[in-house]
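Residue-level listing of the chains:
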Amino acid sequence: MLRRHVRWLPSAVVLLIASVAVSQSTPNLTFKGPAQGWSVSASPTPLPYGGTASVVYDVNRLTQCRGNINATTPGWTITGYYQFNGGPVQSFWVAGFSSTPNPPAPSIPLGARGDLSVWFENTNRWGCQAWDSNYGDNFHFTVQ
């Protein structure tokens, strides 16, 4: 009789591991470009406190202020900004030129519960500045 129950054990273990992997997947904030209808989403919602959210940003959202140096090096940078509950503003590199070699992928540590406000800025070395926010108001997400 024990042999009959042991046959399903490997399947049960695989199912359990898959369930844990799905429940521990990295949260993300996705900012799609014009080809995808400019949609903005968070997964999951609300975002889980204590983790780190990956930021998936389509650089076609901010095409102003572009230009290259020597035809190959970006002369522009997209920077993301975030703020919890109206507190201090933090920033992270998103795309373009970075003074740090191999910068980390864009992400936001979810270190506070409540309102997470996010927005983006594109600047270039010639003084141009452009913003991506929700029609002048930043993008807002809930962290619990």
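How each quantity is defined
Residues numbered from 1 in each chain as written. Predicted model: local features only at pLDDT ≥ 70, side-chain atom pairs only at ≥ 80, totals over all residues. Heavy atoms only, no water. Helix = DSSP H or I, 4+ residues; strand = E, 2+ residues; numbered from the N terminus. Buried < 20%, exposed > 50% of the residue type's maximum accessible area, 1.4 Å probe, protein only. Contact = heavy atoms within 4.5 Å. Areas by Shrake-Rupley, 256 points an atom, 1.4 Å probe, with all protein chains shown as cover. Disulfide = S-S within 2.5 Å.

**Q** Please explain the overall build of the protein chain as it appears in this structure.
**A** When you go through the protein chain residue by residue, the secondary structure sums to two helices and eleven strands. Buried positions account for 31% of the 144 residues belonging to the protein chain. Summarising the internal contacts of the protein chain: among those between residues at least 6 apart in sequence, 61% fall at separations of at least 24. Here the protein chain has roughly 9000 Å² of accessible surface; of this, 56% comes from carbon and sulfur atoms.

**Q** Can you help me understand the state of the cysteines in this one?
**A** Applying the stated criterion across every chain yields a total of one disulfide. Across the disulfide, C65 is cross-linked to C128 (sulfur-sulfur distance 2.0 Å). Handedness here is read from the sign of the S-S torsion; for C65 and C128, about -60°, the answer is left-handed. Separated by 63 residues along the polypeptide, C65 in the loop between strand 3 (52-57) and strand 4 (68-69) and C128 in the loop between strand 9 (114-124) and strand 10 (129-132) bring together distant segments of the chain. Owing to a relative accessible area of 29%, C128 belongs among the partly exposed residues under this scheme.

Functional significance is not addressed by these values, which are geometric in nature.
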